[in-house]
Amino acid sequence: MKRMLLATIHGFYLKALGSLPKDELTERYHRSLLMGGYCYGPLDPVGNIVVNTVWSEQTFPRSNGFKLAMISTCSLWQVAARSLYGLVSFLCTRYPDLTPDLALQRPLVAGANLAAADPNLFDNPRGDEELDWSNCPQIGSGSGSGSGMDTACIQNSAVHKTAARITVQEAYAAAATAACLYPSSPAQKEFLGSPAWCTSNGNKNLQA
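Keep in mind it's a predicted model, so treat the numbers as computed, not measured. (Residues numbered from 1 in each chain as written. Predicted model: local features only at pLDDT ≥ 70, side-chain atom pairs only at ≥ 80, totals over all residues. Heavy atoms only, no water.)

Bringing the confidence of the model for the chain into the picture now. On average, residues of the chain carry a pLDDT of 77, and 71% of them reach 70 or more. Here residues 139-146 is modelled with pLDDT under 50, and outside its nearest four sequence neighbours on either side it reaches 14 contacts, counting other chains as well. Long-range and interchain partners of residues 199-208, a stretch whose pLDDT sits below 50, account for 15 contacts in this model, where long-range means more than four residues apart. (pLDDT = per-residue confidence, 0-100. Contact = heavy atoms within 4.5 Å.)

Have a look at this one:
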């Protein structure tokens, strides 16, 4: 399950590389992408990677830049793994009833999209209608055809029957801490937890 999610996140990094300007990527953004270009946030995973990369470069610029011809595959896997840890930490912090395994299930089914994995991320709470547990029997808690249904019941109990006890800002701080290499967890918490990012209207405006 962890490998499947990691592979999904890695694929988003490959797409993000194609979305960033080539010259700026080789001269500036390669460092900020690997240090703070995480896939979690209120946008889709690729959008989060791009925005977090640009913000990281602007907030923590390198004094002596250097041009890089390519980013190694190993480095991309490493930042993908840190994004995974950030996603799981965010969800476990927001919902204490989620075990790490249950927290892994949500972004796996949601395609590493935190906005889908956390139904209370924005001001308009919603259900898990877009998360089709039945199509992922490999993460079911039971066996046979009913495993997906069992998973849905467990997830519903852990997330929907108990309101989020920790704020989005605090969860982002936990995510940044879990991602390890970020130079300033409080700074990222303030950025991702700002009002424009923590409302559904802000999310739409950023995507426009």
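Before going further, it helps to examine the packing of aromatic side chains. Applying the stated criterion across every chain, the model contains three aromatic pairs. On the numbers, 6.5 Å between centres and 25 degrees between planes, the contact of Tyr-40 with Tyr-172 is stacked. Pair noted here: Tyr-40 is in the loop between α2 (22-36) and α3 (45-59) and Tyr-172 is in helix α8 (residues 168-178), with a separation of 132 residues, a long-range link. The pair formed by Tyr-40 and Tyr-172 is uniform in burial state, with each residue classed as buried. With a centroid separation of 5.0 Å and 55 degrees between ring planes, the pair formed by Phe-90 and Tyr-172 is classed as tilted. With Phe-90 in helix α4 (residues 73-94) and Tyr-172 in helix α8, this pair connects stretches of sequence that are 82 residues apart. Accessibility expressed as a relative area gives 1% for Tyr-172, which makes it buried. These aromatic residues form a ring-pair network of at least three members: Tyr-38, Tyr-40, Phe-90 and Tyr-172. (Phe/Tyr/Trp six-rings, centres within 6.5 Å; stacked < 30°, edge-to-face > 60°. Helix = DSSP H or I, 4+ residues; strand = E, 2+ residues; numbered from the N terminus. Buried < 20%, exposed > 50% of the residue type's maximum accessible area, 1.4 Å probe, protein only.)

If you walk through the whole model with that rule in mind, you get one salt bridge. Between Arg-94 and Asp-118 there is a salt bridge, and its shortest N-O distance comes to 3.0 Å. Linking Arg-94 in helix α4 with Asp-118 in the loop between α6 (114-117) and α7 (147-160), this pair joins segments that are 24 residues apart in sequence. The same class applies to Arg-94 and to Asp-118, which are both buried. (Salt bridge = Lys/Arg side-chain N within 4 Å of Asp/Glu carboxyl O.)

This next bit is on the nonpolar core. By size, the foremost hydrophobic cluster in this structure holds 50 residues, and its most contacted members are Ile-9, Tyr-13, Tyr-40, Phe-90, Leu-114 and Leu-121. Those elements that provide at least two residues to this core are α1 (2-19), α2, α3, α4, α5 (100-109), α6, α7 and α8. Broken down by element, the residue count for this core peaks at nine residues, all from α4. (Core = buried A, V, L, I, M, F, W, Y, C linked by side-chain atoms within 4.5 Å.)

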